[in-house]
Amino acid sequence: MNAVAESECWRAAARLLRMKPYLALRTKCGFLYSSFFLVGRSSRTLSDIKADSGLVRPLADCLCDFLRRSLGPDLAGWCLCTTPRRRHRDDFHFASAICEAASEELGVPFRAGA
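Residues numbered from 1 in each chain as written. Predicted model: local features only at pLDDT ≥ 70, side-chain atom pairs only at ≥ 80, totals over all residues. Heavy atoms only, no water.

**Student:** Please clarify how the state of the cysteines should be interpreted in this entry.
**Tutor:** Cysteine pairs can be linked by a disulfide, which is a covalent bond between their two sulfur atoms. As enumerated under the stated definition, the model contains zero disulfides in all. Free of any disulfide, Cys79 has its nearest neighbouring cysteine sulfur in Cys81, separated by 5.4 Å. Of the residues examined, Cys79 reaches a relative accessible area of 37% and is grouped as partly exposed. (Disulfide = S-S within 2.5 Å. Buried < 20%, exposed > 50% of the residue type's maximum accessible area, 1.4 Å probe, protein only.)

**Student:** What exactly am I supposed to notice about unusual backbone geometry here?
**Tutor:** Leaving glycine aside, a negative phi is the common case for residues, and trans is the common case for peptide bonds. Although it is not a glycine, Cys29 sits at a positive phi angle of roughly 55°. Position of Cys29 among the secondary structure elements: in the loop between β1 (16-28) and β2 (31-40). For Cys29, a relative accessible area of 11% gives the class buried. (Helix = DSSP H or I, 4+ residues; strand = E, 2+ residues; numbered from the N terminus.)

**Student:** Is there a simple way to think about the packing of aromatic side chains in this case?
**Tutor:** Two measures describe an aromatic ring pair: the distance that separates the ring centres and the angle between the ring planes. For the coordinates displayed, the defined rule picks out two aromatic pairs. An angle of 85° between the planes, with centres 5.4 Å apart, marks the rings of Phe36 and Phe66 as edge-to-face. One end of the pair, Phe36, is in strand β2; the other, Phe66, is in helix α3 (residues 56-71), with 30 residues separating them in the sequence. Accessibility expressed as a relative area gives 22% for Phe36, which makes it partly exposed. (Phe/Tyr/Trp six-rings, centres within 6.5 Å; stacked < 30°, edge-to-face > 60°.)

**Student:** Is there a simple way to explain the pattern of salt bridges in this structure?
**Tutor:** When the charged atoms of two side chains lie near each other, side chains of opposite charge can form a pair. One pass over the full model with this rule turns up four salt bridges. As a salt-bridge pair, Glu105 and Arg57 come within 2.8 Å of each other at their nearest N and O atoms. In this pair, Glu105 sits in helix α4 (residues 94-106) while Arg57 sits in helix α3, placing the two residues 48 residues apart along the sequence. Judged by relative accessible area, Glu105 falls into the partly exposed class, the value being 35%. Among the charged side chains, a salt-bridge network with shared partners connects Arg57, Asp61, Arg68 and Glu105. (Salt bridge = Lys/Arg side-chain N within 4 Å of Asp/Glu carboxyl O.)

Spelled out as structure tokens, the structure:
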């Protein structure tokens, strides 16, 4: 699938997120990913969620729970990483903030932009 088709595929999937926990393993545009919350017609947009620093801790907790349940309690040798940061107007990067909080809780290093 080319880059334009992949971009269109993800954009078409943009929906409102209900902040109700629901762990699932999904595929989209040839990629495998995990989702932690339900999508629905009434709730918040992803842009709204990513701008809310108050959601960092709850989402970091979800990430920690997922990693412990899928990889086990001993995470020695693992690290967290994100894709390179894009420029943000307020210098707040949601994914990095979640990984920083999870890194502290799990005791594993965080490699920003790895």
